[in-house]
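Summary of structural features
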Amino acid sequence: MTTAGCSAILAAMGTIIVFANQKGGVGKTTTAASLGAFIAQKGKKVLLVDFDPQGNLSSTVGADPAKPGIYEVITGKVAVEAAIQNTSEPTLQLLASNIHLSGAAVELISVPEREFYLKKVLEPLKSRYDFIFIDSPPSLDLITINGLTAADKVFIPLQCEYFAMEGLSQLVKTIQAVQKSLNKSLEIGGIILTMYDSRTNLAQDVAKEAVKYFKDKVFRTIIPRNVHLGEAPSHGLTINKYRPTSPGAKAYEKLAEEVLHRV
Ligand SMILES: Nc1ncnc2c1ncn2[C@@H]1O[C@H](COP(=O)(O)OP(=O)(O)OP(=O)(O)O)[C@@H](O)[C@H]1O
Ligand SMILES: [Mg+2]
């Protein structure tokens, strides 16, 4: 094959991004949903993969709870095609999650290649999407390891609060361990500062600290604390549909542009 032919195929491959941070409530799900929705709104094909038994990403985009999800796919109960759902955004699709996924970490523990289950499902889908976003639970267990093994890049949301940086070294160590043995091409794609309140010195301190440690990996766009971002999931809507002119929506739209420029 010619070099041009090769690069045409490479260019057609989507990028798999996992949102990870074992700290709970830092904005992993909100960022996966909001960023995914804005990138899709710009005409890109995006698949959201809810790889968290809590199923928050699935409810955020108004998933049909009767449909099978990623658990049924990784355990071989249904084909991936039967589990992919459409959302109200034409180029945004979803592989949903449900509580059964919480058993998967235990079920998989004794099977060979247990870290590669998600990768095996997503790899064949890569050429069909521009981006595949994996949301992960607040833990560093086998579920998150499957996400890191399947991904090209990890995005780390950091909540601009006291203790934000705590536990990060453990996350970075886990990423390094995955890079060493399971997924050599994994890289930290970016740090996303979330729930920023400019009125507090603390938020500014966290932002400064993050830049000191992660340098230009920190995205320039900072997501403010915004009540509409908190409300949107209860309406089964992403922020671009729920309150498109809110500060939260504007920030995620800007972040979407930055991600498209960087990735
Ligand atoms: N920028 C924001 N402003 C206000 N509320 C927000 C913002 N981002 C997220 N939230 C709300 O904060 C809560 C935690 O956010 P989210 O669920 O995205 O975090 P998470 O890291 O996915 O949590 P978990 O670790 O439990 O999966 C949610 O109720 C969400 O709606
Ligand atoms: Mg979440």
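**Structural notes on the overall build of the protein**
Of regular secondary structure, the protein possesses 13 helices and seven strands. Relative to its length of 263 residues, the protein is compact, with a C-alpha radius of gyration of 18 Å against a globular reference of 18 Å. In the protein, buried positions account for 44% of the 263 residues. For the protein, the proportion of contacts with a sequence separation of at least 24, taken over those separated by at least 6, is 77%.

**Some thoughts on the site of ligand 1**
In the vicinity of ligand 1 lie 21 residues, with K28, T29, T30, P138 and G230 positioned nearest. For the shell around ligand 1, the element with the most residues is helix α2 (residues 28-41), which contributes three residues.

**Re the packing of α2 against helix α13 (residues 247-262)**
Packing of α2 against α13 brings their axes to within 9 Å, and their N-to-C directions diverge by 70°. The orientation of α2 relative to α13 falls into the category roughly perpendicular. Crossing of α2 over α13 shows right-handed handedness. On α13, the residues touching S34, L35, F38 and I39 of α2 are Y252, E253, L255, A256, V259 and L260. Each residue belonging to the contact of α2 with α13 can be placed in one class, and the counts come to eight nonpolar, one polar and one charged.

What counts and how
Residues numbered from 1 in each chain as written. Chains lettered and ligands numbered in written order. Predicted model: local features only at pLDDT ≥ 70, side-chain atom pairs only at ≥ 80, totals over all residues. Helix = DSSP H or I, 4+ residues; strand = E, 2+ residues; numbered from the N terminus. Rg over C-alpha atoms; globule rule 2.2 N^0.38 Å. Buried ≥ 20, exposed ≤ 12 C-beta atoms within 10 Å, placed from the backbone. Contact = placed C-beta atoms within 7 Å. Near = placed C-beta within 6 Å. Axes fitted to C-alpha atoms, helices over the stretch in contact; angles between N-to-C directions. Parallel < 35°, antiparallel > 145°, perpendicular 65-115°, else oblique. Left-handed = near helix turned anticlockwise from the far one by under 90°. Nonpolar A, V, L, I, M, F, W, Y, C, P; charged D, E, K, R; others polar.

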